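# Analysis of the macromolecular model
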Amino acid sequence: MEADAKGDPGVYLGGTARSPEDVIALHQMGLAFAEIPVKDPEAFQNSLPAYEAVMDLSRPYCLCHGPREGDPNNVETLETVYLPRLLKLISLMPRLNMRLLTIHLWIDPRFVKPDVIAYKAGFLQRLTGAADEIGILLCLENLSENADHLSPVFEALPTLGLTLDLGHAQLLGDQNTGFGFMQKFPERIRHVHLHDNLGGNSAADDLHLPVGEGIIDVDGLFESLSLIKYSRTITLELTLDEIRQNLPEVKERLTRAGFSI
């Protein structure tokens, strides 16, 4: 999903949907899409008929967020548990016409062993190959990495996209690393996750606050996204009630940065 590039850059706003009922609620809010997080592809397969019924009613557009990887330094479980889960999920996504999959795969050399990072490059190569075959865009989500940390995989994998998580980019550093990603890899940013936090140095600091309740320079990031003419999707990674309450402020900030919505 990409907005019309004529005039001001445009974006599509969506939200996290944890159930078929959430998909309906987001659609009723006037949002352009729902992003469905899938923890267990087997359980997701069992819930597909309920999602398909929603699709038949309102034809919402859906994106997919894959499960977490588990121990980021355990090659055995990555190979025998995580990879099969992701391949299973990729095979299920066409049933809901999902064309973008965001995954977590930690590649920060401060925390992940060099040999594991080398393995993960091959992991991503196999996964992008499977996704490419059926027309799904695979996007790696930044966790604690900066743009330099992810340079090798982007250079090696020309079809791999980036889901730029503006909240994760605020952690483990003095400046939001989103600015660096926009400067170095503007063409790889194919999706954005939006939420706020207070900074910090651990996973517990990934608070997923509504925009404006934390310290993230959201206005500056939106202005930078506008400058690179970003014209794709932004997911508000909040609860339904928070999305409903925060949506007017998010739209106002995007409009102020030069976006049409």
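Above this note sits the structure.
What follows is about the overall build of the protein. The number of helices and strands found in the protein is eight helices and eight strands. Principal-axis analysis of the C-alpha atoms places the extent of the protein at approximately 45 × 45 × 35 Å. Counting only residues that meet the buried cut, the protein has 53% of its 261 residues in that class. Partitioning the intrachain contacts of the protein with sequence separation of at least 6 by distance along the chain shows that 72% fall at a separation of at least 24. Distance between charge centroids for the protein: 5 Å, based on 22 positive and 37 negative side chains.

It is worth spelling out unusual backbone geometry at this point. Even without glycine at this site, L172 takes up a positive phi of about 60°. By secondary structure assignment, the location of L172 is in the loop between β6 (161-165) and α6 (178-184). By relative accessible area, L172 is classed as partly exposed at 26%. Of note in the backbone geometry, H208 takes a positive phi value of approximately 55° without being a glycine. By the element assignment, H208 lies in the loop between β7 (189-194) and α7 (218-227). By relative accessible area, which is 24% here, H208 ends up partly exposed.

On the surface, L198, L207 and I215 cluster together to form a nonpolar patch covering roughly 280 Å² of accessible area. Structurally, L198 can be placed in the loop between β7 and α7. Overall, the relative accessible area of 51% leaves L198 in the exposed class.

Attention now moves to the sheet that holds β6. Spatial strand order, β1-β2-β3-β4-β5-β6-β7-β8: eight strands in a closed barrel with parallel pairing. If you compare each strand with its neighbour and ignore which way they point, the axes differ by 30° on average. In this structure, strand β1 (residues 12-16) lies alongside strand β8 (residues 233-236), joined through four bridges in parallel fashion. Of the residues in β8, the one forming a bridge with Y12 is T233.

The nonpolar side chains of soluble globular proteins are, as a tendency, buried together. Counting 74 residues, the largest nonpolar core has I36, F44, I103 and L124 as the members making the most contacts within it. With seven residues, helix α3 (residues 75-92) is the single largest residue contributor to this core. Excluding residues within four positions of it along the chain, F44 makes contact with I36, V38, Y51, L89, L92, L96 and M98. Counting residues in hydrophobic clusters, the runner-up holds five residues, among them F33, L63, L100 and C139.

Quick notes on the rules
Residues numbered from 1 in each chain as written. Predicted model: local features only at pLDDT ≥ 70, side-chain atom pairs only at ≥ 80, totals over all residues. Heavy atoms only, no water. Helix = DSSP H or I, 4+ residues; strand = E, 2+ residues; numbered from the N terminus. Buried < 20%, exposed > 50% of the residue type's maximum accessible area, 1.4 Å probe, protein only. Contact = heavy atoms within 4.5 Å. Lys, Arg positive; Asp, Glu negative; His and termini not counted. Charge placed at Lys NZ, Arg CZ, Asp CG, Glu CD. Patch = residues over 30% accessible without salt bridge, like charges linked within 9 Å, V, L, I, M, F, W, Y side chains within 5 Å. Areas by Shrake-Rupley, 256 points an atom, 1.4 Å probe, with all protein chains shown as cover. Salt bridge = Lys/Arg side-chain N within 4 Å of Asp/Glu carboxyl O. Pairing = 2+ DSSP bridges. Axes fitted to C-alpha atoms, helices over the stretch in contact; angles between N-to-C directions. Core = buried A, V, L, I, M, F, W, Y, C linked by side-chain atoms within 4.5 Å.

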